[in-house]
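Structural characterization, general
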Amino acid sequence: MARMKFLCDADRCIECNACVTACKNEHEVPWGINRRRVVTINDGLPGERSVSMACMHCTDAPCASVCPVDCFYTTADAVVLHSKDLCIGCGYCFYACPFGAPQYPKVGNFGSRGKMDKCTYCAGGPEADMTMAEYEKYGANRLAEGKLPLCAEMCSTKALLAGDGEIIAEIYRERVTTRGYGSGAWGWQTAYQETINV
Amino acid sequence: MLVKRKSGQAGRSRLQSAVAGLASATLDRRSFLKRSGLAVGGLAAAGTLGAGTVRKAAAGPMMEGVEVDIRKNICTHCSVGCTVTAEVQNGVWTGQEPSWNSPINRGTHCAKGASVRELVHGDRRLKYPMKRQNGEWVRISWDDAFSEIGQKLVELRENSGADSVYWLGSAKFSNEGSYLCRKLAAFWGTNSVDHQARICHSTTVAGVANTWGYGAMTNSYNDIRNSKTVIFMGSNAAEAHPVSLQHILSGKEQQQANVFVFDPRFTRTAAHATEYVRMRSGTDIAVIWGIMHHIFANGWEDQDFIDARVFGMDEVRAECEKWTPERVENVTGIPGEQLRRVAETFATQKPATFIWCMGGTQHTVGTANVRAYCNLLLATGNVGKAGTGANIFRGHCNVQGATDLGLDISNLPLYYGLTEGGWRHWSRVWEVDYDYFVSRFDEVPAKAGREARTREQNMQTPGIPSTRWFDATLLDAEEVDQRDNLKAMIVLGHGGNTVPRQPEVKAGLEALELLVVVDPHPTSFASLHARPDGTYLLPAATQFECNGSRTCSNRSIQWYEKIVDPIFESATDYWIMYRLAQELGFAEEMFKNIEMVEGKFGPEPSAESLLREINRGGWSTGYCGQSPERLKAHMANQDKFDLVTLRAPADAPDVGGDFYGLPWPCWGTPEVRHPGTHILYNSEVHVMDGGGNFRPRFGLERDGVTLLAEGTSSVGAELDDGYPEFTMAVLRELGWDGDLTAEELSQIERQGGDDVDAVSWSTDLSGGIQRVVMEHGCVPFGNGKARAVAWNLPDPVPQHREPIYTPRPDLVAEFPTRDDAREFRVPNIGHTVQQAAIDKGIPESFPIVLTSGRLVEYEGGGEETRSNRWLAELQQDMFVEINPADAAERGITDGGWVWVTGPENDSRARVKALVTERVGKGAAFMPFHFAGWYQGESQRGNYPEGTDPIVLGEMVNQITTYGYDPVTGMHEGKATLCQIEAA
Amino acid sequence: MTNREEQKGLRRRGFLGMFAGATAATATAAVVGAGAVNEAQAQETEDEMRKARYQETDHVKAFYRTNRY
């Protein structure tokens, strides 16, 4: 069974934000909610690198383990999804997430943040696949359509990889071998407790 | 809203430490801006949307059970030419999918391309025609708009002449729209017709064409995959042309290529280079001569190439000798050892390519800069082969096409000159009397000691560049070399904030009698001033709402389909120009050979038929072989084209052997099936495989030295030495005229009249000359040498000249700007301004060098992209980048408000400070996409309700200053002085 | 023609109005309302929710192919 992963090749990422607007476009994500973001370190200095980050769909996801209402579930593809019907907006997952992925429509105290929103790996939620009901709450379900997350599909420099973890690791390995350098698979140790050895 | 943003912020800093492993990582431009809070007009409430849900169901990317139509169009932002695949349901654009088959973008986009669907949601678009009446915007009908505008134009023509009306067209037009706009100006009777190329690459076009024949990118984005060494100079492609980096980074990895970035600013592109070279703005020529100094001193030049294919390199060599490493370092700030390393690498690790953009072109010495770059390529033999070349990244999606189609003050479509020959050629194609056009132009009286001009002479005189239109409005009439001042601006798809001296632009706008803005958005032309009357806003459709062709930077022409009908009351450019022509009384003549189709508001010219007319006249540039049918076949067969060579296999149906998009020149009629030219001047292949050589267009010899190539010609040519362009006389001399068909010959004889011998490859409407010449393996325009020295231009060998506002007044005596002169109907007093600046001690009171440039999420004047909520969210504030040392001296904090002031017009702009090492000490950078604030005041109220862009900000061009390239009128947008203080 | 187009325009604008601020309060209400309705709509069973959706389609293969050299 293929295990879905994200991998951002920081040596390719130019911080163009295509991934960010592709996500907004595909799911009509409202202003202020950012399922995906690009983070730049050493901005303006030699060694400047950017990484596109969203929910990494972790193995043994920490968000799921802290959720008081158990709204998270992991699919057989290892995509971490959640039910907005169950979510109470407590914000625990936000504090648990090592990547800062969970987003809330409002800021407030316990329970008043509104339903949590995050990257679904373009795989919708608990409503029936590819229905309007699912779209309204979670956005498109590209995975069910035989596609991959649009952020990765539209990445300008082919920096952001998505899909079968083994295949994308192999693609990344090939790049590192060819070019002779690689900053490593960002976030993989934290998310998947593994790394890519070249 | 503010508080809500904080949740995002917290997430962000967490993210940052997660990836960096540091809590104190440097913040980037976006976290800085988010941290600075939100002052976003009009969207404050939107953030409260979607309590727990994504959005309300309506026209979303999936309407259950509704059939999905797939339409292919091309991104309307930069010149890379990314295919946009749209899903359309019930006439609504509901989804955007990757376009895997495009050899250009292979599915990908940048932030702008990935959000183009929003443009036809259009909540901030102009929705219907409007005019300003007693200071209020009122809605009017299209018919009333046309008739009022038409009447006013006729009145102006009577009182002040045809030249009192300026037609400012667009690099966002299709090729067909560009052509139509140029043709419209010709029928109106003025050469004051221009577009954005003036302010981005006019100096490139002039410099490059004067070096080797055509003013365009020689290779392609894809071909850079072959390069072993790449220099970017004044190009930040990672932000301006993000998808090009896909090819460049992949090539860099596979070739282990050297990538050098020369820039005053450590750009996002520099972050991916193998070496960054910081230089002082406006010293390009000194840098290039400094590189070539090392090349010549070490014998790294390609002497065989120079001998066979270059004229005048010795004069350049002599100039380079003067540029010793010490002198170069003094002027440019670059250490000699670093330049030596660049020189050796570029000259010896080949193929090498040189990429430049507006950092090179937007200078008083723009044309000379460009010729210096070309000289570096020529000296090292890096032109005309895979992986080499002058890879000029054009700016807008069809700025190459609009340039080609003559949306320009100094030529007709496809670079036919304003000479009698050029006019006669197009008169023949249009089947309109040459004398009709003569009659449309003004007679110009003698003024201020200048001679009068007849109508015909005026018809051959270049118009006013878009950078100077307001001078032609504001100057004393005696100073403007035409019948009267400029009184009306018709602006079609063009921002107003993109030229310097905005306080004077504002005054110019206020002085106009008529201002017509044809655009999807009001633009700063509508918001900068408070004209009470005489301003019209006409809602134009985007290119996603019509069909046609556009030419990417690499000269590939792509045909695109309409995705949805024009939204609201918007109309296509085709219809708008047709209706204007109707109102002005020449529609029948102008469209006599154009097929009309039923459009949204009635008959409009068909794009296919316009392209066919372009084909019928496009011989000079090889725009003759790209019929609509061939281009459509290319779009339908994108998957057949190779990623690197851009060529389809010989056996591919419909497109066999073609290069993708039939990059011009694509010689002969479509039936000849020339494959297009992927790499210009490539003599290693047959002309029918896209081969060529340099174009002899400057005579046959100079100072007793031949200007034809020596001992070399392209593969398969029956003439194995240099040869001139082909005319009937040459054909007869060679005995090749017998190969013409009877039909071809009869056309040539008919149009040649009593001088059949003079009919040439570029005027023969039968295409016979081109066909026959290519059968003999020859290139229609001849086989000449490139020119290292352009004796017809100012500074035949490019000379370093200090910017008008220079931080180094000590260098001005040795490197002054050029003397004052009259250019393009107005005075250019750069020299006076430079002297005055020194006399007034400007370098002391304004000690920081200011440069400008692009951000990835916005484009051009920015109105469209700042109106797109998905993009606007990413960049909410105008800012200035300032070095930490300069900031500390001034008590400026990161994220704090500052005033940036400039040396002219008491100009000042209130912006946020981004304190960063990205700019060196003594340098500052501001993006040029902002407008809607003026000297600290928001002008949101000047926009018609609901059409104000989400994000507004101060214009950098309030601060930028005087300075114009003598060859093209390009403004100085990259090197001026400013002062910055905490607000 | 014009009239029909106008209606289309208005409809689209009506929809977009919800992003434009003035109608945001009503829009939010509508969204919340829609959420409530949705709860009554088809939910996937536990097995359906967790089933694998990924398939190596031509589309996905094109993604992998264009990511390789």
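Refer to the structure presented above.
Described in the following lines is the structure provided in the data block. (Residues numbered from 1 in each chain as written. Chains lettered and ligands numbered in written order. Predicted model: local features only at pLDDT ≥ 70, side-chain atom pairs only at ≥ 80, totals over all residues.)

A few words now on the overall build of chain C. The helix and strand inventory of chain C stands at 4 helices and 0 strands. Along chain C, helices and strands appear, N-terminal first, in the series α-α-α-α. Expressed as a percentage of its 69 residues, the buried residues of chain C come to 17%. (Helix = DSSP H or I, 4+ residues; strand = E, 2+ residues; numbered from the N terminus. Buried ≥ 20, exposed ≤ 12 C-beta atoms within 10 Å, placed from the backbone.)

Another aspect to go through is the overall build of chain B. In terms of regular secondary structure, chain B is built from 35 helices and 34 strands. Its C-alpha atoms put chain B at 80 × 70 × 65 Å along the principal axes. Looking at chain B residue by residue over its 983 residues, the buried ones come to 66%.

A few words now on the packing of helix α18 (residues 420-430) of chain B against helix α26 (residues 607-617) of chain B. Residue and element names in this part refer to chain B. Relative to each other, α18 and α26 sit at 135 degrees, their axes nearing to 10 Å. The orientation of α18 relative to α26 falls into the category oblique. Here the hand of the crossing between α18 and α26 comes out right-handed. Of the residues in α26, those touching α18 at H425, W426 and V429 are E613, R616 and G617. (Axes fitted to C-alpha atoms, helices over the stretch in contact; angles between N-to-C directions. Parallel < 35°, antiparallel > 145°, perpendicular 65-115°, else oblique. Left-handed = near helix turned anticlockwise from the far one by under 90°. Contact = placed C-beta atoms within 7 Å.)

Quick look at the nonpolar core now. As a rule of thumb, nonpolar side chains are buried together in soluble globular proteins. In this structure, Y373, V880 and A924 of chain B are the most contacted members of the largest nonpolar core, which totals 356 residues. If sequence neighbours within four positions are ignored, V880 of chain B has contacts with V898, V900, V911, A913, L914, A924, M926 and I980 of chain B. (Core = buried A, V, L, I, M, F, W, Y, C linked by C-beta atoms within 7 Å.)

Across a sheet, strands are paired by hydrogen bonds formed along the backbone, either parallel or antiparallel in direction. Residue and element names in this part refer to chain B. Pairing in this open sheet of 5 strands is parallel, and the strands run β10-β9-β8-β12-β13 from one edge to the other. Of all the strands in the sheet, the pair left with one neighbour each is β10 (275-278) and β13 (389-392). Neighbour-to-neighbour, the strand axes of the sheet open up by a mean angle of 20 degrees, direction not taken into account. Together, β8 (229-233), β9 (258-263), β10 and β12 (352-356) form the strand contacts of helix α14 (residues 336-348), whose direction differs from that of β8 by roughly 130 degrees. Helix α16 (residues 366-379) contacts β8, β12 and β13 of the sheet and is inclined by roughly 175 degrees relative to β12. (Pairing = 2+ DSSP bridges.)

Let's shift gears to the sheet that holds strand β3 (residues 92-97) of chain B. All names here are of chain B. Across the sheet, which stays open at both edges, the 3 strands sit in the order β1-β2-β3 with antiparallel pairing between neighbours. The sheet terminates laterally at β1 (69-74) and β3, the two strands that pair on one side only. Neighbour-to-neighbour, the strand axes of this sheet turn through a mean angle of 35 degrees, independent of strand direction. In this sheet, strand β2 (residues 83-89) lies alongside β1 in antiparallel orientation, the contact comprising 6 bridges.

All names here are of chain B. Here β8 lies mainly inside the structure; 5 of its 5 residues are buried. Side chains T229, I231 and M233 of β8 all project onto a buried face; the interleaved residues V230 and F232 project onto the opposite face, where all are buried too. Alignment of β8 against β9, held across 5 bridges, turns out to be parallel. The residue of β9 that forms the bridge with M233 is F262. Summarising the sheet, β8 and β12 pair through 5 bridges and their orientation is parallel. Each bridged residue has a counterpart across the sheet, and for V230 the counterpart in β12 is T353.

On to the environment of S907 of chain B, then. Residue and element names in this part refer to chain B. Checked against the element boundaries, S907 lands in the loop between β28 (897-901) and β29 (908-915). Along the sequence, S907 and L486 sit 421 residues apart, while their C-alpha atoms lie 25 Å from each other. Apart from residues no more than four positions distant in its own chain, S907 is found in contact with P503, T901, G902, Q958 and I959.

Structurally, the α-helix is built with 3.6 residues per turn, so residues lying three or four positions apart point the same way. In this model, α16 of chain B (14 residues) spans 20 Å end to end at C-alpha, consistent with the 20 Å of a helix rising 1.5 Å per residue. Summarising burial for α16 of chain B: 14 of the 14 residues are buried, a large majority. (Expected span 1.5 Å × (residues − 1).)

Take the packing of helix α10 (residues 284-298) of chain B against α16 of chain B next. All names here are of chain B. Where α10 meets α16, the axes come as close as 9 Å, and the angle between the chain directions of the two elements is 15 degrees. Accordingly, the angle class assigned to the pair α10 and α16 is roughly parallel. Between α10 and α16 the crossing geometry is left-handed. Residues D284, I285, I288, W289, I291, M292 and I295 of α10 lie in contact with α16, whose contacting residues are A368, N369, A372, Y373, N375, L376 and A379. Its residues placed into classes, the contact of α10 with α16 shows 11 nonpolar, 2 polar and 1 charged. (Nonpolar A, V, L, I, M, F, W, Y, C, P; charged D, E, K, R; others polar.)

We now examine the pairing of strand β26 (residues 848-853) of chain B. Residue and element names in this part refer to chain B. Burial runs high along β26: 6 of the 6 residues are buried. Of the two faces of β26, the one carrying I848, L850 and S852 and the one carrying V849, T851 and G853 are both buried. Pairing of β26 with strand β34 (residues 976-982), which is carried by 3 bridges, proceeds in the antiparallel orientation. Looking across to β34, one finds that V849 is bridged to L977. Alignment of β26 against strand β30 (residues 923-927), held across 5 bridges, turns out to be parallel. Paired with G853 across the bridge in β30 is P927.

Glancing now at the environment of V956 of chain B. All names here are of chain B. Relative to the helices and strands, V956 resides in the loop between β33 (953-954) and β34. We classify V956 as buried; it has 31 C-beta atoms within 10 Å. Residues V956 and F925 lie 31 residues apart in sequence; the distance between their C-alpha atoms is 9.2 Å. Not counting residues within four places of it along the chain, the set of residues in contact with V956 comprises S852, M926, P927 and F928.

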